[in-house]
Amino acid sequence: MAAETAARTGPGAGARIAGAVARQRELSLAGLMVVMAAFVALQAPNFLSASNLTQVTVVASIIAIAAVGQALVILTRNVDLSVESMMGLVAFVVADLLKFHVLPAPAAIAVGVGLGLLLGVTNGFLVAVLRVPSIVATLGTLSIYRGLDFLIAGGKQVTLGDLPAGYTDPARATVLGIPVFVLIAVAIVVFVALVLRQTRAGRRIYAVGSNPEAAAILGIRSGVVVFGVFTACGLLAGVAGVMWGMNYGTINATAATGVTLQVVAAVVVGGVNINGGSGTVIGAGLGALFLGLISNSLILLRLSQFWLQAIYGAVILVAVSLDAFLLRGLRRAALARRAR
Amino acid sequence: MSATGETPKPADAAVVVGETTSVGRSGPFRLRRLASWEALLALVLLGLVGLGAATSPKVFLTPGNFSNLTAAVMEVAIMALPMTLIIIVGDIDLSVESMLGLASAVLGFLWAEGVPLEVGIPVVLLMGAAGGLFNGLLVARGGLPSLVVTLGTLALFRGLALVVLGPRGISKFPEAFTDFGFGTVPGTPIPWPLVVFTVIAVVLGVVLHRTWIGRQVFAAGKNKDAARYSGVRVQRMRIALFVLSGTIAAFAGVILTARFASARADAGQGMTLTVVTIVLLGGVSINGGRGTILGVVLAAFTLAVLGNVLRLANVSAELQSIATGLLLILSVVIPSVARQVSSAIGRARRDRRPPVATAEPGEVQSLI
Amino acid sequence: MKANRSGRILALLGAAAIVVGACGSAASPTPAPATPAPATVAPATVAPATPAPATPAAATLNIVFIPKAVNNPYFDAAAAGGKKAADELGGQFTQIGPNNAVAAEQIPFIQDATTKGYSSIVVSADGPDEVAPALKDAMSKGIKVVGYDSSPAEGAYDVFVNQTDFSLIGGAMSQWACDLAPDCTGQIAILSATATAPNQNAWIEDMKKALTAPQFVGLKLVDVVYGDDDPGKSTDQAAGLLQKYPDLKVIVAPTTVGILAAAQVVKQQGKTGTVFVTGLGLPNDMKPFVADGTSPEFGLWSVPDLGYLAYNVAALLEAGTITGAEGETFTVKGLNGDQPYTIGPKSVVILGPPYKFDKTNIDQFNF
């Protein structure tokens, strides 16, 4: 694992190896996507149509934003399974606020994002303060937040007609041909990537994830770091939830069910190591795009939609196996080099 | 570092609430023995039965209701039994609900194609074993974390179920089959699946708590490396446990199909959460190395009774799912907090001796 | 490892409590023998939930509606009708149901309704065969079972209230698709709900048959996709249809959730006027889309009347006025022009013909 590699080959080598693996992953993923896109475009020319590309990239952007948050959590060796419930709850609450004219749109959106933050804080509290293992804590909040969603919804839904005119337009709006949602997602990915790469907080996240004991010795309070990433994950889930609502219009209490799997798959495919400590949010964003591409290809190539779940599963397994294989190979190579 | 990513902790000599292993038996006060997790659960269960009798007097304590409430939870309870061993060993199997669905789908598919159930059921059980083997190989030989592997197979198996059967449901099964799932032992309100559950629970309980296999499971759960050096074939054991889990999940799929008289690819959706909740509520530590079958059995009934009492009192399904989530979290928080309190008290009392090693503040809990 | 003894004893007591408590209170009205269970409610005072056999007792009218799923405005509209009937007849109305339109989730509600001893269950089945054993069990305990909207399997209900003759819907939807496609020519696709719902399957089969008629020869049905009555999924499926079939002319959605999602997608992608949406929809949902031309015509029936009729049928069954046999007639004031309904084969009663909604009449409706 990354930590042992670092321990055995010196301080700089670990980071270098992790970086090498990451860059390799991003490039190969990007390359794979280009090949896939070319293939699909040949078979189904309307793949390249503006409306199709908009459709694919808008949905992928929403998943990508949630994936960025999830990546942060996974980097610290935790997991947040409650993402879909956070998104669904935020989407419904915002829609409900608008339906009953409680708040104007900008304020409702702010409430939604704030709600996501609050939910993330709760997760962080459970994991970092009460020290509940993250898989248990977020499995529990997955259920609790969804239950709250159903409770608030009371069996009702909010339809497009209930929302203020033009509320869903941002999901279709483009700037210079690029959908607004994509721009938002890219901005978030770039911002978080910079934070991870250039700031002390970012380095701490990687440290806690790759070698918690060493981090503790260095004086890094992992509790604070873990609390922080869960909060960020909730915040980003809130943003994604608001965007979900704008994209779909009609929302009921089951919104965003099943998203957790997509988000985790995106993160894992994007090269974030499930054992923590390595990977980039750019990879996570690319992973989200990759999965969106697969889904779209299935539709355009007129293949059965039912393959989608199986593909998500296969993708996760292949990506994780590949990672482990790669890392082991790299470790062996590094050891061999050192032995010379 | 062990496969779970955790550094091994020295065995806690101090008495810990919920500690039921041989190490924890050394409690200075009788009171603490009574406060074992199983006893606590039993009390909660009795309390719930009382609550049910009080709030729905006409209907709660009837054979029909008993039959309903147990039948509804049997598939989940049956899957919770091998899950107990898997979690004790330090792994987890999230894919059980999907293997259940795949089993249902394949069984239905075969039945629709004219294959008799006598052939279909063993085929499906073998498939469960194969799926478990797949999980086990990736985890034990591949060294991959079980959380992610089984998350992947959670999706993969479900996807395969959808590909096999599509969105349709297969029904029109023979009556003998559906009677097994839906009916009861003649003359009693005991559903047949409960009989199956009892048998499996007894067998696994004996194996886990009374045989050398069980001791090996606990040993591997506490410290994989130490267990391996002591001659325990850890990897082989983990694979075997995954195979067991897969086979039993497939069997649960057969039972569910019989109970609903319908085979569907989306059968069992959402069950993994309930299974994990039952196991953790039963006092099994998510970090491995501790837990009892008895606790899990009690937890299964507690959850079933709780759901039943709430439904009969017209409490909405939403509140029930909130209750389940809370229960899951509390079942981990309470022992953890109690442990901290107890060790703090212990430290205060024995202030000359060095403190018992517990989790450091802010220590990152690793993924399984 | 060994659990401590006291814990074990307590645990076994707990398990025994349930078993004995359940067995101790038999269903017979005679006082049960004293049980060691800690529950103190005397079983002897338990009145059996099953009503006395055979005599046409006064209807209790403690009626529960169990729709396919509760977060669906269509069923809320039906519930409004049921509630109105309850108020008029002096009975009780409750609605319970699963959050997802899945048979496995619906069954516990049926079982609990049986345990609680409602006098009638009015149910729209998520899966006809799956719910049958639970419904038959209810019937065996004297509870009247009325199906509505989506029929349980034959034999698992006393009467099924069908909103309209199924065979009329397929023809009607084909006609609307023909009206909307330019020159009644072009590709059309169906966006359905769940693939197991019997009503959906019946309507789709029916539509396929209707499309073979000579006047529809220009229409080509290219695909049937399923949105599971979930707004998000239906939206994705509708968008998928538009991408898969760039020449698509009409999306036919025989589901109120699906038609709304499809209309939204068509409008959002700016395809109003190029791609039309029709099917079965709720007037309140679809008013804006009728106005802007996305969905100039679609249909349904009076959903509140469906609930109203179902409640009344249950009341009549309870009073013994009808038994569900073919050929029986009954009248419900306010429906069918006060003309009698006749129970048809398989104990089916039909509410009436489907309505077509378009801009000339849609403002008159409020559901």
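Everything here concerns the structure above.
Given the structure is predicted, the values throughout are model-derived calculations rather than measurements. (Residues numbered from 1 in each chain as written. Chains lettered and ligands numbered in written order. Predicted model: local features only at pLDDT ≥ 70, side-chain atom pairs only at ≥ 80, totals over all residues. Heavy atoms only, no water.)

1. Structural notes on the packing of aromatic side chains
All told, the structure shown has 19 aromatic pairs over all chains when counted by the stated rule. On the numbers, 4.7 Å between centres and 40° between planes, the contact of W244 of chain A with Y248 of chain A is tilted. Placement of both W244 of chain A and Y248 of chain A in helix 10 (residues 222-248) is noted, with a separation of four residues, approximately one turn of the helix. For W244 of chain A, a relative accessible area of 11% puts it in the buried group. Judged by its relative accessible area of 3%, Y248 of chain A falls in the buried class. Linked through ring pairs, F65, Y74, F75, F93, Y148, W203, W301 and Y311 of chain C together constitute an aromatic cluster. In this structure, K84 of chain C is placed above the aromatic ring of Y308 of chain C, and the distance from its NZ or CZ to the ring centre is 4.6 Å. (Phe/Tyr/Trp six-rings, centres within 6.5 Å; stacked < 30°, edge-to-face > 60°. Helix = DSSP H or I, 4+ residues; strand = E, 2+ residues; numbered from the N terminus. Buried < 20%, exposed > 50% of the residue type's maximum accessible area, 1.4 Å probe, protein only. Lys NZ or Arg CZ within 6 Å of the ring centre and 35° of its normal.)

2. Considerations on the packing of helix 4 (residues 96-112) of chain B against helix 11 (residues 234-260) of chain B
If you want to describe how two helices pack, look at the angle between their axes and the distance between the axes. Residue and element names in this part refer to chain B. It is at 7 Å that the axes of helix 4 and helix 11 come closest, and there the two elements cross at 55°. In terms of orientation, helix 4 lies oblique with respect to helix 11. Relative to helix 11, the crossing made by helix 4 is right-handed. Residues V96, M99, L100, A103, S104 and L107 of helix 4 form the contact with helix 11, whose participating residues are S245, G246, A249, A250, A252, G253, V254, L256 and T257. Residue classes in the contact of helix 4 with helix 11 are distributed as ten nonpolar, five polar and no charged. (Axes fitted to C-alpha atoms, helices over the stretch in contact; angles between N-to-C directions. Parallel < 35°, antiparallel > 145°, perpendicular 65-115°, else oblique. Left-handed = near helix turned anticlockwise from the far one by under 90°. Contact = heavy atoms within 4.5 Å. Nonpolar A, V, L, I, M, F, W, Y, C, P; charged D, E, K, R; others polar.)

3. Topic: helix 11 (residues 259-269) of chain A
Note on helix geometry: an α-helix contains 3.6 residues per turn, so any two residues three or four positions apart are oriented the same way. All names here are of chain A. Taken across its eleven residues, helix 11 has ten buried, putting it largely inside the fold. The complete set of buried residues in helix 11 reads V259, T260, L261, V263, V264, A265, A266, V267, V268 and V269. Note on helix 11: the residue one or two positions beyond its end, G271, has a positive phi of about 95°.

4. Re a nonpolar patch on the surface
Residues and elements named next belong to chain B. Side chains of I190, W192, V195, V199 and V203 sit close together on the surface and give an oily, nonpolar patch of about 370 Å² of accessible area. As for its placement among the helices and strands, V195 is situated in helix 8 (residues 192-210). A residue is classified by how much of its surface remains accessible, and V195, at 31% relative accessible area, is partly exposed. (Patch = residues over 30% accessible without salt bridge, like charges linked within 9 Å, V, L, I, M, F, W, Y side chains within 5 Å. Areas by Shrake-Rupley, 256 points an atom, 1.4 Å probe, with all protein chains shown as cover. Salt bridge = Lys/Arg side-chain N within 4 Å of Asp/Glu carboxyl O.)

5. Describing the state of the cysteines
Residues and elements named next belong to chain C. Taken as a whole and assessed by the stated rule, the structure comprises one disulfide over all chains. For C178, the disulfide goes to C184, at an S-S distance of 2.2 Å. Between C178 and C184, the S-S dihedral sits near -125°, and the bridge is therefore left-handed. Pair check on accessibility: C178 and C184 agree, each one buried. (Disulfide = S-S within 2.5 Å.)

6. Overview of the pattern of salt bridges
Inspection of the entire model under this criterion finds 16 salt bridges over all chains. Taking the shortest distance from any N to any O, the salt bridge between K156 of chain A and D76 of chain C comes out at 3.5 Å. Taken together, the residues span two chains, with K156 of chain A in the loop between helix 6 (134-153) and strand 1 (174-175) and D76 of chain C in helix 2 (residues 73-89). As a salt-bridge pair, D91 of chain B and R238 of chain B come within 2.9 Å of each other at their nearest N and O atoms.

7. Quick word on the environment of L328 of chain B
Inspection of the secondary structure puts L328 of chain B in helix 14 (residues 317-349). Note: C-alpha distance between L328 of chain B and V279 of chain B (49 residues apart in sequence) is 9.3 Å.

8. What about the sheet that holds strand 8 (residues 248-253) of chain C?
As a general point, the strands of a sheet are linked pairwise by backbone hydrogen bonds and lie either parallel or antiparallel. Residue and element names in this part refer to chain C. In space, the four strands of this open sheet follow the order 7-6-8-9, with parallel pairing throughout. Sheet topology places strand 7 (219-226) and strand 9 (276-279) at the edges, where each strand pairs with a single neighbour. Between one strand axis and the next, the sheet turns by 25° as a mean value, whatever way the strands run. Taken together, the four bridges between strand 6 (residues 186-192) and strand 8 define a ladder with parallel strand orientation. Opposite Q187, over in strand 8, you have L248 as the bridge partner. (Pairing = 2+ DSSP bridges.)

9. Overview of the environment of G116 of chain A
Residues and elements named next belong to chain A. As for its position among the elements, G116 is in helix 5 (residues 105-129). Residue classification places G116 among the buried residues on the basis of a relative accessible area of 0%. As a C-alpha pair, G116 and V132 span 16 residues in sequence and 20 Å in three-dimensional space.

10. Here we look at the sheet that holds strand 13 (residues 348-350) of chain C
Residues and elements named next belong to chain C. Pairing in this open sheet of six strands is parallel, and the strands run 2-1-3-4-5-13 from one edge to the other. The sheet is open, and its two edges are formed by strand 2 (92-95) and strand 13, each paired on a single side. Sheet twist, expressed as the mean angle between neighbouring strand axes with direction ignored, is 20°. Sheet topology places strand 3 (residues 120-123) next to strand 4 (residues 144-148); four bridges connect them, and they run parallel. Paired with V122 across the bridge in strand 4 is V146.

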